[in-house]
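The primary structure of each chain is shown beneath.
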Amino acid sequence: MTTESHTVDVDVALIGGGIMSATLGAMLALVQPDWRVVIVERADDIATESSHPWNNAGTGHSGYCELNYMPDPADGDTAAAVAAQFAASRRWWAHLVDTGLITPGFMTTTPHMDVVFGDRDIAYLRRRFDTLRALPAFTDMRYSQDPAVITGWAPLVMAGRDPAQRVAATWHPSGTDIDFGALTRELTRLITGDTLLGHEVHTLNRMPTGGWRITGRCGRQRFELDAARVFIGAGGHTLTLLQRAGLPEIRGYGVLPVGAAFLRCSDPEISKHHNAKVYGQAPTGAPPMSVPHLDRRIVAGHAHLMFGPYATVSSRLLTRGRITDFFGTVRPHNVRALIRAATDNRSLIRYLIGQLLASRGRRFDQLRRYYPDADPRDWEWISAGQRAQLVAPDGELRTGTELIVAADDTIAGLLGASPGASTSVPIMIDLLRRWFPREWQSWRHRAGFGLLAS
Ligand SMILES: Cc1cc2nc3c(=O)[nH]c(=O)nc-3n(C[C@H](O)[C@H](O)[C@H](O)COP(=O)(O)OP(=O)(O)OC[C@H]3O[C@@H](n4cnc5c(N)ncnc54)[C@H](O)[C@@H]3O)c2cc1C
């Protein structure tokens, strides 16, 4: 049996307690502390889905090592754009640390590397390096085919390797590893209103007087919340909620669920020998999230090694979602786009089936490609979260994020994933500009926002 609870009025409701809502909420708290801003989160804690430290790779995406941003090694535009966006995020986080608003410790300098094998990929990497080195953000990048130099950068990658194998690597000293869960917590602390945990939003209805009535459940209790504006940062459930709100802007969009898993080693005697994030070339057909990488990760102050991600298959759109999640997003207006995305990406489907059928031994062989002496006894298999890969109305499988803003500016949501958390600051600045064009004129020089343009 459910019981009715009273209605609460707020200026801005943030649905979902991940890095995106936390960033927007913190920004609003700094420029408009008199507004009531609340987070509504279905789980019993914040940062339990994609922003949880083990549900993402913690890479500060800066274009140094992500080969999938540069399929054409002569075109560095995407890598440079991602580098600029991440630099903006860093400047704002540094401002918050410098002014004592958040505590440091969520970010660790960790060199970013690429390691590739064989003539074709070596030629590609060399060309990519030459392109990027000409751009200001990449001048510190190094390139080598010398096994001794690469051993100095990443000893575990070279130990036990066949000396006849041709290897090339790039190395950038200024890469970062980020505990996005810790950062989400720090930002959430700045928010002036409540964080309503265990509150699952079910419906959003436009009110005749303007704004939105949000309804849902907290345990067996029904709750209602009236908000002048709503941001849906519900990760894999964002599309579902935007569909329920009846936004015409969302017509035709779909999502495909792609799960992920990592191999993790928590032995400090091993992790102390690896101080880098080593990215490789993705296998044919692999989604961007499946570019293999061997990373040093610092989570809650402890060093670990992580390899993956491996793709897993589930119809859930959140790790704690329901198996009906994906089917609930299929509508007459997005069926064609979903079918087109599936038929145009047969190699992705083949890749996912291959991953699903892969034995434990075959999965471990993928790690040994980057760490030949790895011992299975040191590694555990962990879930790395669910991702809702965005399908555009034309059937294109999109890798980036997309901000959907209603024509009347009262509701917005964020779809997609990568480069995700790293670019949360410029994404939310973009939303503030579009949502509050009048207020933005006075906000733009406050709260450290002035630093973001440089
Ligand atoms: C395998 C993998 C690796 C990744 N690696 C990186 C990386 O290295 N670097 C990087 O920058 N990004 C990475 N990302 C992307 C990054 O994790 C995401 O972009 C980011 O965490 C998304 O944050 P969010 O706030 O939008 O969503 P989330 O953190 O998923 O938060 C959404 C929240 O909404 C809540 N919610 C859902 N439905 C409801 C509802 N109905 N009512 C109330 N609450 C609800 C959920 O419980 C959840 O807490 C990776 C993602 C994956 C899956």
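Now for a description of the structure that goes with this document. The shown structure was predicted, so the numbers you read here are calculated from the model rather than taken from an experiment.

## Structural notes on the overall build of the protein
For step 1, the next point in the chain: Regarding its fold elements, the protein presents 14 helices and 19 strands.
For step 2, the next point in the chain: Relative to the 2.2 N^0.38 estimate, which gives 22 Å for 454 residues, the radius of gyration of the protein is 22 Å and therefore close to what a compact globule would have.
For step 3, the next point in the chain: Expressed as lengths along the three principal axes of its C-alpha atoms, the size of the protein is roughly 75 × 45 × 40 Å.
For step 4, the next point in the chain: The proportion of buried residues among the 454 residues of the protein is 47%.
For step 5, the next point in the chain: Long-range contacts, defined as pairs at least 24 residues apart, comprise 76% of the intrachain contacts of the protein with a sequence gap of at least 6.

## Observations regarding the sheet that holds strand β13 (residues 277-279)
For step 1, the next point in the chain: On the basis of which strands lie adjacent, the open sheet formed by nine strands has the order β5-β6-β4-β13-β14-β15-β12-β16-β17 and mixed pairing. Of all strands in the sheet, those bounded by a partner on one side alone are β5 (142-144) and β17 (397-398).
For step 2, the next point in the chain: Across three bridges, β13 lies against strand β14 (residues 293-299) in antiparallel orientation. Bridge pairing links valine 278 to leucine 294 in β14.

## Topic: the pairing of strand β16 (residues 380-391)
For step 1, the next point in the chain: Relative to β16, strand β12 (residues 254-265) is paired through ten bridges, and the arrangement is antiparallel. Each bridged residue has a counterpart across the sheet, and for leucine 263 the counterpart in β16 is tryptophan 381.
For step 2, the next point in the chain: Taken together, the two bridges between β16 and β17 define a ladder with antiparallel strand orientation. Residue pairing across strands places leucine 390 opposite arginine 398, the latter belonging to β17.
For step 3, the next point in the chain: Between β16 and the antiparallel strand that follows it, β17, lie five residues; glycine 395 among them carries a positive phi value of about 90°.

## Observations concerning the site of the ligand
For step 1, the next point in the chain: Not every one of the 43 residues close to the ligand is listed here, only the nearest: Gly16, Gly18, Ser51, Gly235 and Gly420.
For step 2, the next point in the chain: Broken down by secondary-structure element, the contributors of at least two residues to the shell around the ligand are α1 (19-31), β9 (199-206) and β16.
For step 3, the next point in the chain: Looking at the shell around the ligand residue by residue, the classes come out as 19 nonpolar, 19 polar and five charged.

Each value, and the rule that gives it
The residue count restarts for each chain, going from 1 along the sequence in the order it is written. The predicted nature of this model means local features are confined to residues of pLDDT at least 70 and side-chain atom pairs, given and counted, to a pLDDT of 80 or more, with totals for whole chains, interfaces and linings taken over all residues. In this description a helix means any DSSP run of H or I spanning at least four residues, a strand means any run of E spanning at least two, and both kinds are numbered starting from the N terminus. Two things to know: the radius of gyration comes from C-alpha atoms, and the globule rule equals 2.2 Å times the number of residues to the power 0.38. Each residue is classed by its C-beta neighbour count within 10 Å, where at least 20 other C-beta atoms makes it buried, 12 or fewer makes it exposed, and intermediate counts make it partly exposed; the C-beta atoms are placed from backbone geometry. Residues are treated as contacting if the C-beta atoms built from their backbones sit within 7 Å of each other. Here, any two strands with at least 2 DSSP bridges between them count as paired. Using a C-beta atom placed from the backbone for every residue, we mark a residue as near a molecule or strand if that atom lies within 6 Å of it. Gly is placed with the polar residues, together with every amino acid not listed as nonpolar (Ala, Val, Leu, Ile, Met, Phe, Trp, Tyr, Cys and Pro) or charged (Asp, Glu, Lys and Arg).

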